[in-house]
Amino acid sequence: MSNDTDHNGFISLIKKGNKSSAVAMIGNGIIAACKAVAYVMSGSGAMFASAMHSLADAVNQGFVFIGSVLSEKRPTPQFPTGFGRVINIFCMIAVIVVTIMAYETIKEGWHLLHHPVENTGGFWLSIGVLIINLVIDGGILLKAMKEILKEARVEKAKGWGIAIAAFKNVGRAAPPTRLVFYEDIVAVTGALLALIAIIVTAFTDFTSLDGIATILIGFLMIGVAFRVGFDNMVGLIGVAAPKDIEEKVFKTILSDEDVTDIKKLRIIQEGRYYHVEGLIELRKGLSLAVADDIKFRVQDNIISDQDITDVTLGIIEDDGIMDLSPDRLNGLI
């Protein structure tokens, strides 16, 4: 029975894993294999760089998907705040992989600038692979954008509004979704650069463009590594929740008729989840038993939000001093 329970629990965790990273892992694995064949046949440095980037993406998303699964584990007595920050560790591993691949890509581009490679054929194969690349990575990017809107709980957008809303709210998305988003922006841009380089070098003598495009793709990968690395370093340290989450918790607490003030409140983001700690003031004259019931009621209201996994509240009697400014209070009520 326990084996069945463990198996069901494992399957449940897998289902909770980040879907964007799983789709990106499979898609980029297919793309990397196709590009590798095209590179061998064409000798294109830009195709090599693009293949390296797709391979890095596939490996990264594998790591990130595993991390997203582990981060969904519920808190235990040994780890009472849960495993939310595990995803940040796996994303940092992904950053290392991207950085190594970026170095190899830039080195190859520098070599091609000084020793251009003659086109050995496979032109139409390379064009076909890159068009497939644009379609697949474009689909993955669109999926990541929609996932950002879902995680940020933004109203559904259409057309270009999806992209605009995704850029505005990417900071509120889960770390793996942000990684997929940033990497696939580079993947689509890199495929376009590779496509341009292959066409230009096939019909002109501007063979240096192959090396230039390769180096540009490498630097784009470094940009992704820096952006994702910074985000996850902040996540590992522990970062305050976005303002809208803070406002929502404030409103939930003050909506209780027995709460008169919020002495202090701290909301920490771990992965895509939030931990709430606070001290609230209750109206005077309550017995300890009644005050405890109110505290548990407020905690239950806060934790009903699916993104909040842990709430710890302290209670004191109203001291007659309003800690919330009048302007803040009016904005919340």
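Residues numbered from 1 in each chain as written. Predicted model: local features only at pLDDT ≥ 70, side-chain atom pairs only at ≥ 80, totals over all residues. Heavy atoms only, no water.

Engineer: I'm lost on the overall build of the chain in this one. Help?
Structural biologist: Regarding its fold elements, the chain presents 11 helices and four strands. Relative to the globule expectation of 20 Å for 333 residues, the C-alpha radius of gyration of the chain, 25 Å, shows a markedly less compact shape. Across its three principal directions, the C-alpha atoms of the chain cover 85 × 55 × 35 Å. Counting across all 333 residues of the chain, residues that qualify as buried make up 47%. Looking at the chain alone, contacts between residues at least 24 apart form 73% of all its contacts between residues at least 6 apart. If you sum the accessible surface of the chain, you get close to 16,800 Å²; carbon and sulfur atoms cover 66% of it. (Helix = DSSP H or I, 4+ residues; strand = E, 2+ residues; numbered from the N terminus. Rg over C-alpha atoms; globule rule 2.2 N^0.38 Å. Buried < 20%, exposed > 50% of the residue type's maximum accessible area, 1.4 Å probe, protein only. Contact = heavy atoms within 4.5 Å. Areas by Shrake-Rupley, 256 points an atom, 1.4 Å probe, with all protein chains shown as cover.)

Engineer: Help me understand helix α8 (residues 208-237), please; the structure alone is not making it clear to me.
Structural biologist: Counting along an α-helix, one turn takes 3.6 residues, and residues three or four places apart therefore face a common direction. Over its 30 residues, α8 runs 44 Å from end to end, which matches the ideal 44 Å to within 8%, given 1.5 Å per residue. Residue Gly238 follows α8 closely and has a positive phi angle near 110°. (Expected span 1.5 Å × (residues − 1).)

Engineer: What should I look at first to understand the nonpolar core in this one?
Structural biologist: A general tendency of soluble globular proteins is for nonpolar side chains to be buried together. Ranked by internal contacts, the top residues of the largest apolar core, which has 37 residues, are Met145, Phe181 and Met221. Among the secondary structure elements, those contributing two or more residues to this core are α3 (45-70), α4 (86-114), α5 (123-151), α6 (160-169), α7 (175-203) and α8. Counting residues per element, this core draws most heavily on α4, which supplies eight residues. Residues contacting Met221, with those up to four places away along its chain left out, are His53, Ala56, Val98, Met101, Ala102, Thr105 and Val186. Ranked by size, the runner-up nonpolar core spans 20 residues in total, among them Ile262, Tyr274, Ala291 and Ile308. (Core = buried A, V, L, I, M, F, W, Y, C linked by side-chain atoms within 4.5 Å.)

Engineer: What exactly am I supposed to notice about the pattern of salt bridges here?
Structural biologist: A side chain with one charge can pair with a side chain of the opposite charge if their charged atoms come near. Overall, the coordinates contain 10 salt bridges when judged by the stated rule. Where Arg266 meets Glu277, a salt bridge forms, and the shortest distance between an N and an O atom there is 2.8 Å. A residue pair is termed long-range when its members are at least 10 positions apart, and Arg266 in strand β2 (residues 259-270) and Glu277 in strand β3 (residues 273-282) qualify at 11 residues. Residues participating in the shared-partner salt-bridge network are Asp256, Asp258, Arg283 and Arg297. (Salt bridge = Lys/Arg side-chain N within 4 Å of Asp/Glu carboxyl O.)

Engineer: Looking at this structure, I do not really get a nonpolar patch on the surface. What am I missing?
Structural biologist: A cluster of nonpolar residues, Val37, Val40, Met41 and Leu125, forms a patch on the protein surface that exposes about 360 Å² of accessible area. Checked against the element boundaries, Leu125 lands in helix α5. On the basis of relative accessibility, which here comes to 35%, the residue Leu125 falls in the partly exposed class. (Patch = residues over 30% accessible without salt bridge, like charges linked within 9 Å, V, L, I, M, F, W, Y side chains within 5 Å.)

These values are about where atoms sit, not about what they do.
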